[in-house]
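# Chain and residue survey
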Amino acid sequence: MASLLLSVDWALILEKCILIAVIISLSLVVAMYETWAERKVAAVMQDRRGPNRAGIFGILQPLADGLKLFMKEEIIPNLSNKFLFVLGPGLAMLTAMMTSAIIPWSSHLDIKGRIVSLQIADINIGILYVFGVVSMGVYGIMIGGWASNNKFSLLAAIRGASQIISYELAMGLSFIALLMLTGTLSLGTIVTQQQDHLWNIVYQPLGFFIFLICAFAECNRTPFDLSEAENELNFGYHQEYSSMKLGFYLFSEYVNMFISSAVMATLFFGGYDIPFVNDISFGQAHGQNLLALLQGLSLFLKIAVFIFFFMWVRWTIPRFRYDQLMRLGWRILIPLALINMVATGFLVLLKAHNWHF
Amino acid sequence: MSTTQILFWFLSVLAIFSAIMVVASKNPIHSVLWLIAVFFAISGHYILLNAQFLAIVNLIVYAGAIMVLFLFVIMLMNMNADTEPQKNKWLKIAGVIAGGSLLLVFVAALKNADLKNQLAQVNHGDIGLISNLGMELFHNYVVPFEISSVLFLSAMVGAVVIGKKE
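Report on the accompanying structure. From a predicted model like this one, the values you see are computed outputs, not experimental measurements.

## Quick word on the overall build of chain B
Summing up its helical and strand segments, chain B has 6 helices and 0 strands in all. Reading chain B from its N end, one meets helices and strands in the order α-α-α-α-α-α. On chain B, roughly 12,200 Å² of surface is accessible, and the fraction owed to carbon and sulfur atoms is 73%.

## As for the interface of chain B and chain A
Taken together, the contact pairs 24 residues of chain B with 25 residues of chain A. Between chain B and chain A, the buried area comes to about 2,300 Å², and carbon and sulfur atoms account for 78% of it. When the area that chain B buries against chain A is broken down by residue, the three leading residues are B:Ile60, B:Phe72 and B:Met75, summing to 25%. Where chain B packs against chain A, one counts 0 salt bridges. Inspection of the region where chain B meets chain A yields 1 residue pair in polar contact (both at pLDDT 80 or more). Those elements that place two or more of their residues in the side of chain B that touches chain A are α1 (3–24), α2 (28–48) and α3 (52–77) of chain B. With 13 residues, the single largest contributor to the side of chain B that touches chain A is α3(B). Here the residues of the side of chain B that touches chain A sort into 17 nonpolar, 7 polar and no charged.

## A closer look at the nonpolar core
A:Tyr167 and A:Leu267 are the most contacted members of the largest nonpolar core, which totals 72 residues. Residue contributions to this core peak at 12 residues, all from helix α10 (residues 243–268) of chain A. Those residues in contact with A:Leu267 that lie beyond four places of it in its chain are A:Ile127, A:Phe175, A:Leu178, A:Leu187, A:Ile190, A:Gln194, A:Asn200 and A:Phe211. One finds A:Ile164, A:Tyr237, A:Tyr249 and B:Leu59 within the second-largest nonpolar core, a separate group that totals 35 residues.

## Considering the state of the cysteines
Residues and elements named next belong to chain A. Here the structure, examined in full by the defined rule, presents 0 disulfides over all chains. As a non-bridged cysteine, Cys-214 has Cys-219 as the owner of its nearest cysteine sulfur, 11 Å distant. You can call Cys-214 buried: its relative accessible area is 0%.

## Overview of the packing of α2(B) against α3(B)
Helix-helix packing is described using two parameters, namely the angle between the two axes and the distance between the axes. All names here are of chain B. Packing of α2 against α3 brings their axes to within 9 Å, and their N-to-C directions diverge by 175 degrees. With respect to α3, the axis of α2 lies roughly antiparallel. For the pair α2 and α3, contact is made by Pro-28, Ile-29, Val-32, Leu-35, Ile-36, Phe-39, Phe-40, Ile-42, Ser-43, Tyr-46 and Ile-47 and by Leu-54, Ala-55, Asn-58, Leu-59, Tyr-62, Ala-63, Met-67, Phe-70, Leu-71, Ile-74 and Met-75, respectively. Here the contact of α2 with α3 is built from residues that sort into 20 nonpolar, 2 polar and no charged.

## Some words on the pairing of strand β2 (residues 114–117) of chain A
Residues and elements named next belong to chain A. Pairing geometry for strand β1 (residues 108–111) and β2, over 4 bridges, is antiparallel. Bridging across to β2, Ile-111 finds its partner in Arg-114. Here β1 folds back onto β2, and the loop between the two strands holds 2 residues, one of which, Lys-112, carries a positive phi near 50 degrees.

## Structural notes on the pattern of salt bridges
Residue and element names in this part refer to chain A. In the structure shown here, the tally under the stated rule is 4 salt bridges over all chains. A salt bridge links Arg-39 to Asp-65, with the nearest nitrogen and oxygen atoms 2.6 Å apart. Of this pair, Arg-39 sits in helix α1 (residues 10–45) while Asp-65 sits in helix α2 (residues 61–71), and the two are 26 residues apart along the sequence. Taking the shortest distance from any N to any O, the salt bridge between Lys-245 and Glu-74 comes out at 2.4 Å. Linking Lys-245 in helix α10 with Glu-74 in the loop between α2 and α3 (82–98), this pair joins segments that are 171 residues apart in sequence.

## Side note on the side chain of A:Glu218
Assignment of secondary structure puts A:Glu218 in helix α8 (residues 205–218). Setting aside chain neighbours within four positions, we find A:Glu218 in contact with A:Val134, A:Ile164, A:Tyr167, A:Glu168 and A:Met171.

## Here we look at the packing of aromatic side chains
Describing an aromatic ring pair means giving the distance of the ring centres and the angle of the ring planes. One pass over the structure, following the stated rule, counts 22 aromatic pairs over all chains. Their ring planes at 90 degrees and their centres at 5.6 Å tell us that B:Phe17 and B:Trp34 sit as a pair that is edge-to-face. Residue B:Phe17 is found in helix α1, and its partner B:Trp34 is found in helix α2; the two are separated by 17 residues along the sequence. Note on B:Phe17: relative accessible area 45%, which makes it partly exposed. In this structure an aromatic cluster arises from ring pairing among A:Phe131, A:Phe175, A:Trp199, A:Phe208, A:Phe211, A:Phe268, A:Phe269 and A:Phe306.

Conventions we followed
Residues numbered from 1 in each chain as written. Chains lettered and ligands numbered in written order. Predicted model: local features only at pLDDT ≥ 70, side-chain atom pairs only at ≥ 80, totals over all residues. Heavy atoms only, no water. Helix = DSSP H or I, 4+ residues; strand = E, 2+ residues; numbered from the N terminus. Areas by Shrake-Rupley, 256 points an atom, 1.4 Å probe, with all protein chains shown as cover. Contact = heavy atoms within 4.5 Å. Buried area = accessible area lost by both parts, 1.4 Å probe. Salt bridge = Lys/Arg side-chain N within 4 Å of Asp/Glu carboxyl O. Polar contact = N/O pair within 3.5 Å; in protein donor to acceptor, adjacent residues only side chain to side chain. Nonpolar A, V, L, I, M, F, W, Y, C, P; charged D, E, K, R; others polar. Core = buried A, V, L, I, M, F, W, Y, C linked by side-chain atoms within 4.5 Å. Buried < 20%, exposed > 50% of the residue type's maximum accessible area, 1.4 Å probe, protein only. Disulfide = S-S within 2.5 Å. Axes fitted to C-alpha atoms, helices over the stretch in contact; angles between N-to-C directions. Parallel < 35°, antiparallel > 145°, perpendicular 65-115°, else oblique. Pairing = 2+ DSSP bridges. Phe/Tyr/Trp six-rings, centres within 6.5 Å; stacked < 30°, edge-to-face > 60°.

Have a look at this one:
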């Protein structure tokens, strides 16, 4: 027992550390370019040009924005709770990043006979971990809004938190129907199952639809961005924030969008599975490393489509009123998800009895 | 010391310190946040026992939902130090006596407990994994499980009825 600390597989730890660093920087870069893409998409939909000054096609615009945010003065309100005021944006960012730990980004690399899995942790509880981290995400908003010591921020924080809690329920119920089919919570296994069979979207279209709506609500995106409703609440829960603390809040929304797109692609659209290609025989013909690269690329394409969808919706659909939001969540989505769950359970049981009653 | 032991002591100290801070901090919001830290430490203990499902459910239900509702209530009540009613001296003495008696009962119970043969399976038990737990709950304990869910349902209906009352 005494030598247990020394017998740790250091190569594994090194491998995981590198993977964590790569994935975190990747999600930050993706989030950076999401801000650029958002403005470009908005511009195209409104028949404008969008950012085009910094670099070709405005490709350096996110760097300029980031520099601007860093240079701004840090203001901490006098009557705020200083520690919690700083903790708020940090928590928002932390919870946004943590979910990426269990997403299988690709199958595995083969480096000189050593198999390097491209998933940071394939844990037994898999998808529940996502759920746990999402439910922690509320604290970033609530603590930030309360610590600002401002009635508008507090109201916005409470709005945001109650919205996230309400939509979490429907999200969980739509998970359950999916898990009945897969029989496992591990995301890695869910993806391998989809490689051999059809994607889960074919079996769970309604579940996916509910999940998609809830993902919009969890990310605080339009049409559910009630906590940032500027015409009702000035600027929402981050009204008192400035400089990079504000940047963290805005940025965490984009990281959330990236990660929830990844979760949706993994659960319902085959994850890193390359469509119309038999991955295993391709790997044998062209080498495992090339396959892993292409699979990662395939996942990123799916994620990009989802991110575009997020933006498309943002510039198309106006914001809900608060009572409409609550009615949609509690009176429509939850009953719908329950019906979906019962129907799925019924069909799964029927299939287990060879389609006889 | 092995890694598991180091983690155990770290989590235990964290849990006890945070629990003391829940009681000791003046600001109720800080109390709630320390309580969340306690839940995290306890979940860490569950993970050490390889009870991953319990750990995550503890976080989702207690830290993620119930504590948020606590925060809601406290944030909206606008508690200040000067508006807080001062407690009666006798109430404090009664509290100390009651707490001390509880401690005495705990110590007595621990003294008689058979600790040698009941060591927790650290790191290699698998009863806490979700499939084993599900099998156990839905095969051996299905009736108590269903009864408790009916209890939850009745509590939910009660909450809706109270909420509907104008």
